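Summary of structural features
Letter by letter, the chains look like this.
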Amino acid sequence: MEREIELRLVARLKAGDAAAFEAIYEAFRPRLFSFLARLTRRRDVAEDLLEETWLRLVTRAGDLSDDTRLGPWLFTVARNLFASWCRHRAVDEDRILDFALSWPGLLPRESPFESAARGETERRLEAALARLAPKDREILLLVAGEELSPSEAAAVLGLAPEAVRKRLQRARARLALEMDEEPDLVQEKVG
Amino acid sequence: MSEMRLRVHDADPVRVERIRSRCVAVLERRRREVEAHGSRAAAPRGWLEPAVAVGLCALYLAEAFARALAVFR
């Protein structure tokens with residue numbers, strides 16, 4: 001979203017303009033949902049957190065600063081809600097992989113044709129991401145997936161930019177390892 | 001990783017609409033509150049301004065009347 005357009009939308013949203021909300025909602029909703037779904041690995045939870053994120057935006061619209069960057073603002077709220085959800089449910093973020101519901105199998109509602117057409121690289125990437133710890137996953141999703149700058153990601157995660165760079169480096173290395181050790185490929189090699 | 005392209009998913013369409021309508025309702029309610037607050041704040045001006053204008057006119061007329069009477073006395 002171009003910065004000028006974004007600033008105008010923020011101003012209109014602050015004034016309670018529903019059309020501005022619609023534009024922001026259409027621009028960011030799928031990205032936010034994808035981010036939350038990949039973090040939680042549960043569609044129902046991702047939808048709940050998505051709803052709460054948008055409600056936070058509209059209830060706090062009047063308090064937004066004029067130069068608010070909507071992307072980082074929304075991802076910060078979504079990420080904080082995810083962290084709260086983990087705490088509330090006494091879920092160890094690093095053990096969330098144990099949930100019986102698997103990612104990405106349940107998330108996309110795609111036709112058999114679409115399933116068949118999914119690229120092998122994409123499938124491996126999703127599978128590898130799903131096996132990463134949430135801390136690694138979130139930073140990869142923000143920087144490599146959403147293309148936030150390291151400083152924007154640092155603001156979202158509440159970290160120093162240097163810490164973000166280190167965490168990103170570690171996450172990239174772990175993802176590369178996971179992709180190398182993708183079960184099907186390992187099975188092929190062993191078989 | 002810079003070229004990590006992941007499929008973008010979306011919430012259930014029913015849920016998408018529910019979120020939209022809830023948020024729009026919140027915005028509408030807030031806008032009405034702001035407008036109501038604005039009109040309440042503007043309320044004193046609504047009666048004060050005409051009252052001051054009428055008062056000044058009355059003073060002007062009284063003074064003019066008094067001076068006219070003084071001329072004929």
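Residues numbered from 1 in each chain as written. Chains lettered and ligands numbered in written order. Predicted model: local features only at pLDDT ≥ 70, side-chain atom pairs only at ≥ 80, totals over all residues. Heavy atoms only, no water.

1. Description of the nonpolar core
This is how it is decided: Definition used in this section: a nonpolar core is a set of buried Ala, Val, Leu, Ile, Met, Phe, Trp, Tyr and Cys residues joined via side-chain atoms within 4.5 Å. Relative accessibility decides the category of a residue: with a 1.4 Å probe and only protein chains considered, values under 20% of the type maximum give buried, values over 50% give exposed, and everything between is partly exposed. By definition, residues are in contact when any of their heavy atoms lie within 4.5 Å.
Judged by nonpolar contacts, the single largest core of 62 residues is most densely connected at Phe-21, Ile-24 and Trp-54 of chain A. Aside from chain neighbours lying at most four places away, what touches Phe-21 of chain A is Leu-13, Trp-54 and Val-58 of chain A together with Arg-20, Cys-23, Val-24 and Leu-27 of chain B.

2. Brief notes about the environment of Leu-6 of chain B
As a reminder, the rule being used: Helix and strand definitions here come from DSSP, where helices need a minimum of 4 consecutive H or I residues and strands a minimum of 2 consecutive E residues; each element is numbered from the N-terminal end.
Its place among the elements puts Leu-6 of chain B in the segment before helix H1 (13-72). With relative accessibility at 17%, the residue Leu-6 of chain B sits in the buried group. Ignoring any residue separated from it by four or fewer positions in sequence, one finds Leu-6 of chain B in contact with Arg-38, Leu-125, Glu-126, Leu-129 and Leu-141 of chain A.

3. Thoughts on helix H1 (residues 3-14) of chain A
All names here are of chain A. Going by this rule: A helix is expected to span 1.5 Å multiplied by its residue count minus one. The arc refers to the directions leading from the helix axis to the C-beta atoms.
Under the 1.5 Å per step criterion, the end-to-end length of H1 is 16 Å for 12 residues, consistent within 8% with the ideal 16 Å. Listed as buried for H1 are Glu-6, Leu-9, Val-10 and Leu-13. The arc enclosing the buried residues of H1, seen along the axis, measures out at 105°, which places them on a common side. Of the residues flanking the end of H1, it is Gly-16, one or two places downstream, whose phi is positive at about 85°.

4. Topic: the interface of chain B and chain A
The test is simple: Buried area adds together the accessible area that both of two parts lose upon being put together, with accessible area traced by a 1.4 Å probe. For salt bridges, the criterion is a side-chain nitrogen of Lys or Arg within 4 Å of an Asp or Glu carboxyl oxygen.
The partner chain A presents 44 residues to the 24 residues of chain B that form the contact. Of the roughly 3,000 Å² buried between chain B and chain A, counting both surfaces, carbon and sulfur atoms make up 58%. At the junction of chain B with chain A, the criterion picks out 9 salt bridges. With a closest N to O distance of 2.8 Å, Glu-51 of chain A and Arg-15 of chain B form a salt bridge.

5. Some points on the environment of Ala-130 of chain A
Residue and element names in this part refer to chain A. Among the secondary structure elements, Ala-130 is positioned in helix H6 (residues 120-131). In this structure Ala-130 comes out as buried when scored by relative accessible area, which is 4%. With 96 residues separating them along the chain, Ala-130 and Ser-34 place their C-alpha atoms 13 Å apart.

6. Details of the pattern of salt bridges
With the rule as written, the count across this model stands at 28 salt bridges over all chains. Between Asp-66 of chain A and Lys-14 of chain A there is a salt bridge; the shortest N-O distance is 2.7 Å. Placement of the pair is Asp-66 of chain A in the loop between helix H3 (43-59) and helix H4 (70-88) and Lys-14 of chain A in helix H1, with a sequence separation of 52 residues. The partner of Arg-29 of chain A in a salt bridge is Glu-26 of chain A, and the shortest N-O contact between them spans 3.1 Å. Residue Arg-29 of chain A and its partner Glu-26 of chain A are both found in helix H2 (residues 18-40); the two are separated by 3 residues, about one turn of the helix. Looking at Arg-29 of chain A, the relative accessible area reads 6%, which means it is buried. Here the salt bridges share partners, and the residues they tie into one network are Arg-43, Glu-47, Asp-48 and Glu-51 of chain A together with Arg-15, Arg-18 and Arg-22 of chain B.

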